[in-house]
Amino acid sequence: MLAAVSPLVVTLGVVPIAYAASGLTAIPLAFLVVGAVLAVFLAAYLTMAKHVRAPGGFFAYISLGLGRPLGVAAALVAALAYSMLQIGLYGLLGASMAEMAHGWVDLPWWTWALLVCTVVACLGPARVDIGAWVLAALVCLEMVAIVLLALRGLSHPAAGHVTLAAFDPRLLVAGGATAAFSIVVLAFTGVEQAATYATQVKHGRRTMLLASFGVLVSVGVVYLLGSWAPLVFYGDAVAAKAADPSMMVAMAGDGPLAAWVQIQLLVSVSAALLPFHNATVQYLYGLGRQGLLPRPLGRTNSFDAPGWASLCQSVLAAATIAVAAISGWDPFEGMFYSLGNAGGFGVLLLLALTSVAVWRYFHRDGRGETVWARLIAPVAAGVALWVMVALVAGNYATLLNLPPGAVAAWAWPASFLIPAAAGLLLAGYMRWQRPATYAAMLHDSTPRPPAYSPGRSSVYGGTR
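All values derive from a computational prediction rather than experimental measurement.

Once that is clear, we can look at the overall build of the chain. Across its full length, the chain carries 20 helices and 0 strands. Long-range contacts, defined as pairs at least 24 residues apart, comprise 82% of the intrachain contacts of the chain with a sequence gap of at least 6.

Direction vectors running N to C along helix α4 (residues 58-66) and helix α15 (residues 331-364) enclose 45 degrees, while the axes themselves pass 7 Å from each other. When the axes of α4 and α15 are compared, the pair comes out oblique. Of the two elements, α4 crosses α15, and the hand of that crossing is left-handed. In contact with F58, Y61, I62, L64, G65 and L66 of α4, α15 contributes L350, L351, L353, T354, V356, A357, R360, Y361 and R364.

Given 3.6 residues per turn, any residue in an α-helix points the same way as the ones three and four places further on. The terminal C-alpha atoms of helix α14 (residues 307-327) lie 30 Å apart, and with 21 residues this matches the ideal 30 Å at 1.5 Å per residue to within 8%. Listing the buried residues of α14 in full gives G307, A309, S310, Q313, S314, A317, T320, I321 and A324. On its buried face, α14 sits against α5 (68-101), α6 (109-123), α13 (256-289) and α15.

What follows deals with the pattern of salt bridges. Tallying each qualifying case throughout the model produces 2 salt bridges. The closest approach of N and O atoms between E369 and K50, which form a salt bridge, is 3.2 Å. A residue pair is termed long-range when its members are at least 10 positions apart, and E369 in the loop between α15 and α16 (371-394) and K50 in the loop between α3 (27-49) and α4 qualify at 319 residues. Judged by relative accessible area, K50 falls into the partly exposed class, the value being 29%. Notably, a salt bridge pairs R170 with D168, separated by 2.7 Å at the nearest N-O pair. Since its relative accessible area comes to 22%, D168 is described here as partly exposed.

Attention now moves to the nonpolar core. F31, Y90 and F188 are the most contacted members of the largest nonpolar core, which has 147 residues in total. Considering each element in turn, this core owes the most residues, 20 residues, to α5. F31 has contacts with V10, V15, V184, A187, F188, Y223, L224 and S227, leaving out every residue within four places of it along the chain.

Take the environment of L391 next. On the secondary structure map, L391 appears in helix α16. Here L391 falls in the partly exposed class, since its relative accessible area comes to 30%. On a C-alpha basis, the gap between L391 and S182 in space is 9.6 Å, while along the polypeptide they are 209 residues apart. Those residues in contact with L391 that lie beyond four places of it in its chain are T178 and F181.

Looking at the secondary structure, you find T300 in the loop between α13 and α14. Assessed through its relative accessible area of 14%, T300 is described here as buried.

What follows concerns the environment of D365. Mapped onto the secondary structure, D365 falls in the loop between α15 and α16. You can call D365 partly exposed: its relative accessible area is 39%. Engagement of the side chain of D365 in a polar contact is seen with the backbone nitrogen of R367, the distance being 3.0 Å.

This part is about the confidence of the model for the chain. With 87% of its residues at a pLDDT of at least 70, the chain reaches an overall mean of 82. Considering each helix and strand of the chain separately, the mean pLDDT is smallest for helix α1 (residues 2-5), with a value of 50, and largest for α14, with 95. Taken together, the stretch residues 444-464 has pLDDT below 50 and engages in 81 contacts with residues farther than four places along the chain or on a different chain.

Here T47 shows up in helix α3. With relative accessibility at 7%, the residue T47 sits in the buried group. In terms of polar contacts, T47 uses its side chain to reach the backbone carbonyl oxygen of A43, at 2.6 Å. Sequence-distant contacts of T47, defined by excluding residues within four places in its chain, comprise L42, F362, E369 and A373.

A few words on the side chain of S83. Summarising the element assignment, S83 is placed in helix α5. Excluding anything up to four places from it in sequence, S83 contacts T280, Q313 and L316.

Turning our attention to unusual backbone geometry. With a phi angle near 50 degrees, R367 is a residue other than glycine that sits in the positive phi range. By secondary structure assignment, the location of R367 is in the loop between α15 and α16. Its identity as a non-glycine residue notwithstanding, N401 has a phi of 55 degrees, on the positive side. In this fold, N401 is placed in the loop between α17 (396-399) and α18 (407-414). The exposure class of N401 is exposed, given its relative accessible area of 54%.

All right, on to a nonpolar patch on the surface then. A surface patch of nonpolar side chains, about 660 Å² in accessible area, is lined by W359, V371, W372, L375, I376, V379, V383 and V387. When residues in the nonpolar patch are grouped by element, the largest group, 7 residues, is from α16. Relative to the assigned elements, V371 resides in helix α16. Look at V371 and you get partly exposed, because its relative accessible area is 41%.

Rules of the game
- Along each chain, residues carry numbers from 1 onward, in the same order as the chain's sequence is written.
- Under the rules for a predicted model, residues below a pLDDT of 70 receive no local features and side-chain atom pairs below 80 are neither given nor counted, while totals for whole chains, interfaces and linings still include all residues.
- Just so you know, side-chain values use all the structure's heavy atoms and leave hydrogens and water out.
- Strands are runs of DSSP state E lasting at least 2 residues, helices are runs of H or I lasting at least 4, and numbering of each runs from the N terminus.
- Contact criterion: two residues are considered in contact whenever any of their non-hydrogen atoms come within 4.5 Å of each other.
- Structural elements are reduced to axes, namely lines fitted to C-alpha atoms, with helices fitted over the stretch in contact, and the angle between N-to-C directions of any two is expressed from 0 to 180 degrees.
- Angular relationships are summarised with four words: roughly parallel below 35 degrees, roughly antiparallel beyond 145, roughly perpendicular across 65 to 115, and oblique for the angles in between.
- Each crossing gets its handedness from the near helix: less than a right angle anticlockwise from the far helix is left-handed, clockwise is right-handed.
- One fewer than the residue count of a helix, multiplied by 1.5 Å, yields its expected span.
- Three exposure classes are used, based on accessible area relative to the maximum for each residue type with a 1.4 Å probe and protein chains only: buried under 20%, partly exposed in between, and exposed over 50%.
- For this analysis, a salt bridge means a side-chain nitrogen from Lys or Arg found within 4 Å of a carboxyl oxygen belonging to Asp or Glu.
- Take the buried Ala, Val, Leu, Ile, Met, Phe, Trp, Tyr and Cys residues and link them wherever side-chain atoms come within 4.5 Å; each set so joined is a nonpolar core.
- Polar contacts here mean pairs of N or O atoms no more than 3.5 Å apart (in protein, one a potential hydrogen donor and the other a potential acceptor; neighbouring residues in sequence count only if both atoms are side-chain atoms).
- A residue's pLDDT is the confidence the predictor assigns to it, expressed on a 0 to 100 scale.
- Surface patches are drawn from residues lacking salt bridges whose relative accessible area is over 30%; two like charges belong together within 9 Å, two nonpolar side chains (Val, Leu, Ile, Met, Phe, Trp, Tyr) within 5 Å.
- The Shrake-Rupley method, run with a 1.4 Å probe, gives the accessible areas here. Residue values count only the displayed protein chains as cover.

In structure tokens, the structure reads:
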């Protein structure tokens, strides 16, 4: 869960590009608003998790609340969203490695990206993953680095004093913060994953509550500081300065903090790649096992890992890197930022749909839960999240700094209509042609030995 959040990737990668590409100054306010909405969402989501013994992620919750067809559609949307998030990281990592190696080994960014992609392609089918405690230690180091970096930026304000202009509520009315919601949701990706492991750890319910809200609050504070500090440090020149991907590191000066932050960024991105890869693979694997995608994707290899699904994701990543290199895409804005934003929008859609699913689940049977947990929280979170979906879709051109009506401004958010429609059609086909398999679909997501160990990004469990 912590690896998916990856605070340093967000602070040093997403935040500067967001300032440069969109010109928005309301990003800290967007973090504050989305953090509050996600807190309400988690209150409802984790209440349903107490009654759902299924590790199927969004698929299980949406299927139980709104039916299998929408659950299948959500699973395909999730697979695309997580794939975009993972592949986008190669742009950030490749460009960062090329910059750090400049002067020693001058290679284009895509060479480094393909090299790391090859490593991930070898580790994925071999069931290699990074231990949860190692990831937790890395993230703690990341958060310390961000806090130190932010404190230095806040202590050297461009205007001579610290300003709170970024938190002006009027920015919400003006639309400045609303366009940034998908960026911010991307930053919080992973906070919902504790519920997936509630059946696999001691004191599962208490653990998932502490883990989910603990991560949400801690990274929320870190993001708030990390996005506010450059505004204070650079002032009105923040958008121009953000065009340089190293603008956050520049706040650290020439001391050891700058070098530590740069090295920590490479470690952070590298550590995040494999969990995101595995998260995408597990969705492909689960859909393959259900017969919703080609059956080979649902098979495991001699390591008891979904080898074909892992290979499929690696090939897709390598192909995207190759297309980006041939087309001359900028690795930061053209690949990392664009794919990350799209993936964040997909996650936002899933969160909004899950809120409705939670409300629907308890609407049929309150199961002894309080009115707040079973009604007020899911409805409030659902309304807020769907409003965010509409605002992001309507302001997507602002997000990419494009003129209204530009093809990319509507093509990126509209791309999720394809897997959603495919999921509905596949579910309908199975219900008609394979009713027994369709009826057992949700039952098949009940707990079983996972393909990847607890504490990592597994979404579907399974054996051969």
